[in-house]
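Chain residues, written in single-letter form:
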Amino acid sequence: CFSLLLSEYDPTKEREEKFSKMHRWHVWLEGVELTVQRMLGPTLTVRSSIGCGKWARIPWVAMHEPAQTTQAGLFLQFLMRTDASGLYLCLGQGISKLRAAAGPVAANTHISRVGTHVRERCRVLLGDACSRFDLGGQIELHAPKGHGAPYEKAVLVCRHYARGALPAEAELLAMNAKQRQAEAVPGVGGAKRTRSFKKTKVRTQCTRWRAASRRPR
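Residues numbered from 1 in each chain as written. Predicted model: local features only at pLDDT ≥ 70, side-chain atom pairs only at ≥ 80, totals over all residues. Heavy atoms only, no water.

Draft legend 1. Inspection of the pairing of strand 4 (residues 86-94) at higher detail. A large share of strand 4 lies buried, amounting to 9 of its 9 residues. The alternating pattern of strand 4 places Gly 86, Tyr 88, Cys 90, Gly 92 and Gly 94 and Leu 87, Leu 89, Leu 91 and Gln 93 on opposite faces, both of which are buried. The sheet contact formed by strand 3 (residues 73-80) and strand 4 spans 8 bridges and is antiparallel. Bridged to Leu 76 within strand 4 is Leu 91. The turn joining strand 3 and strand 4, which pair antiparallel and follow one another in sequence, is formed by 5 residues; a positive phi near 60° is taken by Ala 84. As judged from the 7 bridges shared by strand 4 and strand 5 (residues 155-162), these two strands associate in the antiparallel manner. What sits directly across from Gly 86, in strand 5, is Ala 162. (Buried < 20%, exposed > 50% of the residue type's maximum accessible area, 1.4 Å probe, protein only. Helix = DSSP H or I, 4+ residues; strand = E, 2+ residues; numbered from the N terminus. Pairing = 2+ DSSP bridges.)

Draft legend 2. Main features of the nonpolar core. Counting residues in hydrophobic clusters, the biggest one holds 37 residues, and the most contacted among them are Phe 2, Leu 5, Tyr 9 and Leu 87. Examining the composition of this core, we find that 6 residues originate from one element, helix 2 (residues 24-40), more than from any other. Ala 62, Leu 79, Ile 139 and Leu 141 belong to the second largest nonpolar core, which has 10 residues in total. (Core = buried A, V, L, I, M, F, W, Y, C linked by side-chain atoms within 4.5 Å.)

Draft legend 3. Representation of the sheet that holds strand 3 in the model. If you walk across this open sheet you meet the 5 strands as 1-2-3-4-5, and the pairing is antiparallel. With partners counted over all chains shown, the strands left at the sheet margins are strand 1 (45-51) and strand 5, one partner each. Within this sheet the neighbouring strands show an average axis-to-axis angle of 15°, counted without direction. The strands touched by helix 2 are strand 1 and strand 2 (55-64); relative to strand 1, the strand with the most contacts, the crossing angle is about 170°. Strands strand 4 and strand 5 of the sheet are contacted by helix 4 (residues 104-126), whose axis makes an angle of about 55° with strand 5. (Axes fitted to C-alpha atoms, helices over the stretch in contact; angles between N-to-C directions. Contact = heavy atoms within 4.5 Å.)

Draft legend 4. Seen up close, helix 2. Counted at 1.5 Å a residue, the expected span for helix 2 with its 17 residues is 24 Å, and the 24 Å between its end C-alpha atoms agrees. Every buried residue of helix 2 is listed here: Trp 25, His 26, Trp 28, Leu 29, Gly 31, Val 32, Glu 33, Thr 35, Val 36 and Leu 40. Once helix 2 finishes, Gly 41 follows within two positions and takes phi at roughly 90°, a positive value. (Expected span 1.5 Å × (residues − 1).)

Draft legend 5. Region of interest: unusual backbone geometry. Even without glycine at this site, Ala 84 takes up a positive phi of about 60°. One can find Ala 84 in the loop between strand 3 and strand 4. A relative accessible area of 1% means that Ala 84 is categorised as buried. The backbone of His 142 sits at a positive phi, close to 55°, despite the residue not being glycine.

Draft legend 6. Region of the structure containing the pattern of salt bridges. Here the structure, examined in full by the defined rule, presents 3 salt bridges. Of the charged contacts, one joins Glu 8 and Arg 24 as a salt bridge, the two residues approaching to 2.6 Å between their closest N and O atoms. Of this pair, Glu 8 sits in helix 1 (residues 2-8) while Arg 24 sits in helix 2, and the two are 16 residues apart along the sequence. We classify Glu 8 as partly exposed; its relative accessible area is 30%. Judged by its relative accessible area of 35%, Arg 24 falls in the partly exposed class. Across the salt bridge formed by Arg 123 and Glu 120, the nearest N and O atoms sit 2.6 Å from each other. Residue Arg 123 and its partner Glu 120 are located together in helix 4, separated by 3 residues, close to a single helical turn. Each of Glu 8, Glu 17 and Arg 24 takes part in one network of salt bridges that share partners. (Salt bridge = Lys/Arg side-chain N within 4 Å of Asp/Glu carboxyl O.)

Right, here's the structure in full:
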């Protein structure tokens, strides 16, 4: 379904392609969400969005523990570029609730500390596969000004897949399937959470990334 969506998605064609939940683009992304949810099982939450009333500049599919969200905690996410030239597989950190609860200064300090710890652990645990990921979390969504910033700020680690070079769907989802057996990763959204993650917890998150490190077809 990702391949189909990347082959023709264009959010600027609002006149020719009227937004609807029955539209093929919406159905395709919903198909990705349902497939991921089926593979992960009921213990993890999978959500997606391709817009509300109009086509989103950046369609996404997010996966996380029920106690965490894209606003508070660690989560995995597929982010499509606005021009449909490819997509990113990202390990993100929810920051909205933390900023609101602790204030920007304390939140930024905590976010930086957690980000540094997670990236260092990923560098060690990914091993040879590390070179296939951007541990700096730098993404370019080719979105209009202001649309991509919220997503870009939340990314800790990422990997880019160009359109036409996507791995098999089963390969993309192999990492996420491991979450059934993985330990829950503690959230980072609470104002009182100022300690770094335990190494054993971060290890389970990085194990998921290793599963996605195989070469695309």
